[in-house]
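Single-letter residue listing:
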Amino acid sequence: MHGFISIPSELQYDIMQHPYFQRLGRIRQLGLSYLVYPGAQHTRFQHSLGAMHLMGEAIAQLRSKGNEITDEEADAVLSAILLHDVGHAPFSHVLENTVVDGVSHEEISLMMMRRINEEFSGRLDMALDIFQNKYHKHFLHQLVSSQLDMDRLDYLIRDSFFTGVVEGAVGAARIIKMLNVHDDHLVVESKGVYSIEKFLIARRMMYWQVYYHKTSVAAEQLLLSILRRAKDLANAGEHLFASPAFSYFLYNKMDKEKFKNEEEALQNYAKLDDNDILCAIKAWDGHPDKVLSLLSRSLENRRLFKTEVYEEPVSSMQYADKISQYMNALGLSIKEAAYLLSQDAVSTSTYTSDNEDTSINVLYADGTLRDISDASDILNISMMAKNTKKYYFCCHKL
């Protein structure tokens, strides 16, 4: 993909050696999408290195156009992008708000960055300011988090490559070549308009072909049902096999306040990865609880939920009918049968221009700026900005 990647400085090397960062090598970038696209085995570790590499390319390009980025600032923004995903839960987005209720991976990333910074005696102070958009050069934050950040550029290229979905491929080198800074904001030079159009189309294609592929959603909903059942059994006092880190979250009700205030919580979270979850599920496939064992075997053997996609939520009658089928066929109670189906509402928009960080501005030779929605002559931006919503009805196959 990117070829050889050099480690820019000692600070980035030290970050990569930290246990928090090494954990990312045990977390799949696309969660359970490998059940649809077998090649999608890449990790958050690989993605973070790729994003750091692209950041180095972007810094070099912006400097070549006369934009001042000091060595200290370059070190900081490279460190910020390297750590931008350090707080992801196992299977990436799949278990967000499940392991810890109400806490996003961005918040946990910030907590972990602060902890690493304490260990590094403040060497990440500027990186933290850039990550939180508190640094006086706003465009540095936009390189980390915006519509055209290095995170998005890398994951589109990487996810397209490993899934084989060629529609998601983007010309990152061309886009980076066209980046510039205008009034402390990241912009794209007018020669890069067509590359941005392709970038936006690629994002849309990847969302519906990969990220929200109905079989991926089915696998995710099955995993969530397993964890819900396991959590309920744990709360009822049932003994479940699990690693110490996973047990901590199974047997402790964890909300945002508790997670932030208990030292043990972050320590256990930092040890939790895909392996903990998969190992537990393998053990649970023989558990006496009919629901937990059935669901665990289903995920192990890829007998995923059947999924139908609708424009509207399914009716309560349709939902109740499925519950009744499970009760009769499997001898389950209403409560038990409810774990065998779920409904998930999925929505996304490809492009919005609500503020400076969600808009892409095009810079012309005369110094004028135009939003990509005005600059593009082929994109229907109103359609790109439309919030498309679909309802995924997932249920166990009898």
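The following refers to the structure shown.

Quick notes on the rules
- Residues numbered from 1 in each chain as written.
- Predicted model: local features only at pLDDT ≥ 70, side-chain atom pairs only at ≥ 80, totals over all residues.
- Heavy atoms only, no water.
- Salt bridge = Lys/Arg side-chain N within 4 Å of Asp/Glu carboxyl O.
- Helix = DSSP H or I, 4+ residues; strand = E, 2+ residues; numbered from the N terminus.
- Buried < 20%, exposed > 50% of the residue type's maximum accessible area, 1.4 Å probe, protein only.
- Pairing = 2+ DSSP bridges.
- Axes fitted to C-alpha atoms, helices over the stretch in contact; angles between N-to-C directions.
- Phe/Tyr/Trp six-rings, centres within 6.5 Å; stacked < 30°, edge-to-face > 60°.
- Lys NZ or Arg CZ within 6 Å of the ring centre and 35° of its normal.
- Contact = heavy atoms within 4.5 Å.
- Expected span 1.5 Å × (residues − 1).
- Parallel < 35°, antiparallel > 145°, perpendicular 65-115°, else oblique.
- Nonpolar A, V, L, I, M, F, W, Y, C, P; charged D, E, K, R; others polar.
- Left-handed = near helix turned anticlockwise from the far one by under 90°.
- Disulfide = S-S within 2.5 Å.

Quick look at the pattern of salt bridges
If the charged atoms of two oppositely charged side chains come close together, the side chains can form a pair.
Here's step 1: On inspection of all chains with the given rule, the structure shows 13 salt bridges.
Here's step 2: A salt bridge links Asp-273 to Arg-26; the shortest N-O distance between them is 2.6 Å. Here Asp-273 is found in the loop between α14 (263-269) and α15 (274-284), whereas its partner Arg-26 is found in the loop between α2 (19-22) and α3 (44-64), with 247 residues between them in sequence.
Here's step 3: With relative accessibility at 35%, the residue Arg-26 sits in the partly exposed group.
Here's step 4: Taking the shortest distance from any N to any O, the salt bridge between Glu-118 and Arg-115 comes out at 3.9 Å. A residue pair is termed a helical-turn pair when its members lie 3 or 4 positions apart in one helix, as Glu-118 and Arg-115 do in helix α5 (residues 105-119) at three residues.
Here's step 5: With relative accessibility at 22%, the residue Arg-115 sits in the partly exposed group.
Here's step 6: The network of salt bridges with common partners includes Arg-115, Glu-118 and Glu-263.

Let's talk about the sheet that holds strand β2 (residues 185-189)
Here's step 1: Ordered by their spatial adjacency, four strands build an open sheet running β1-β2-β5-β6, and the pairing between neighbours is mixed. Two strands bound the open sheet, and with one partner strand each, they are β1 (179-182) and β6 (369-371). Between one strand and the next, the sheet's axes are offset by a mean angle of 45°, whatever the strand orientation.

A word on the packing of aromatic side chains
Here's step 1: In the structure shown here, the tally under the stated rule is eleven aromatic pairs.
Here's step 2: For the ring pair Tyr-248 and Phe-249, a centre distance of 5.1 Å and an interplane angle of 85° mean the geometry is edge-to-face. Both residues of the pair, Tyr-248 and Phe-249, count as buried.
Here's step 3: Each residue in the set Tyr-155, Tyr-207, Trp-208, Tyr-211 and Tyr-212 is aromatic and connected to the rest through ring pairs, giving one cluster.
Here's step 4: Against the face of Tyr-34 rests Arg-28, its NZ or CZ located 4.2 Å from the ring centre.
Here's step 5: The ring of Phe-120 is capped by Arg-123, whose NZ or CZ atom sits 5.2 Å from the centre of that ring.

What to know about the environment of Gln-318
Here's step 1: Within the element layout of this structure, Gln-318 appears in helix α17 (residues 316-330).
Here's step 2: In contact with Gln-318, not counting residues within four places along its chain, are Tyr-310 and Phe-393.

Topic: the side chain of Ser-298
Here's step 1: For Ser-298, the location among the structural elements is in helix α16 (residues 290-300).
Here's step 2: With near-sequence residues (within four places) excluded, Ser-298 lies in contact with Leu-222, Arg-303, Leu-304 and His-396.

Observations concerning α17
Here's step 1: Between its first and last C-alpha atoms α17 spans 21 Å; for 15 residues at 1.5 Å apiece the expected length is 21 Å, and the two agree.
Here's step 2: At the exit of α17 stands Gly-331, carrying a positive phi of roughly 70°.

Concerning the sheet that holds strand β7 (residues 388-395)
Here's step 1: If you walk across this open sheet you meet the three strands as β3-β7-β4, and the pairing is antiparallel. Here the strands that pair on one side only, and so sit at the sheet edges, are β3 (306-310) and β4 (341-348). Looking at each pair of strands side by side, their axes are set apart by 20° on average, direction ignored.
Here's step 2: Two strands pair when backbone bridges link them, and β3 and β7 are joined in this way by five bridges, in the antiparallel orientation. Bridge pairing in β7 places Thr-307 opposite Cys-394.
Here's step 3: Here helix α10 (residues 193-211) sits on the sheet in contact with β4 and β7, set at roughly 15° to β7.

Quick word on the packing of helix α11 (residues 214-235) against α15
Here's step 1: Two numbers describe how α11 lies on α15: the axes approach to 12 Å, and their chain directions differ by 70°. When the interaxial angle is binned, α11 and α15 end up roughly perpendicular. Here α11 contributes Leu-223, Ile-226, Leu-227 and Ala-230 to the contact with α15, which in turn contributes Ile-277, Ile-281 and Trp-284.
Here's step 2: The class makeup of the residues in the contact of α11 with α15 is seven nonpolar, no polar and no charged.

Side note on the packing of α3 against helix α8 (residues 150-163)
Here's step 1: Remark: α3 packs on α8, axes separated minimally by 8 Å, with the N-to-C direction vectors making an angle of 130°. By the angle class used here, α3 and α8 are oblique. Classified by chirality, the crossing of α8 by α3 is right-handed. Residues Gln-46, His-47, Gly-50, Ala-51, Leu-54, Met-55 and Ala-58 of α3 form the contact with α8, whose own contacting residues are Met-150, Asp-151, Leu-153, Asp-154, Tyr-155, Arg-158 and Phe-162.
Here's step 2: Looking at side-chain class alone, the contact of α3 with α8 contains eight nonpolar, three polar and three charged residues.

Some words on the state of the cysteines
Here's step 1: Enumeration over the complete set of coordinates arrives at zero disulfides.
Here's step 2: Sulfur of Cys-394: no disulfide; nearest cysteine sulfur belongs to Cys-395 and is 7.6 Å away.

Some words on helix α4 (residues 71-82)
Here's step 1: Given a rise of 1.5 Å per residue, twelve residues ought to cover 16 Å, and the 16 Å separating the end C-alpha atoms of α4 matches this to within 8%.
Here's step 2: Where burial is concerned, most of α4 is hidden: nine out of the twelve residues are buried.

A closer look at unusual backbone geometry
Here's step 1: A positive phi is found at Phe-91, a non-glycine position, where the angle reads about 60°.
Here's step 2: Among the residues examined, Phe-91 registers a relative accessible area of 1% and is labelled buried.
Here's step 3: Positive phi, normally seen in glycine, also occurs at Ser-121, with a value near 55°.
Here's step 4: Topologically, Ser-121 is positioned in the loop between α5 and α6 (125-131).

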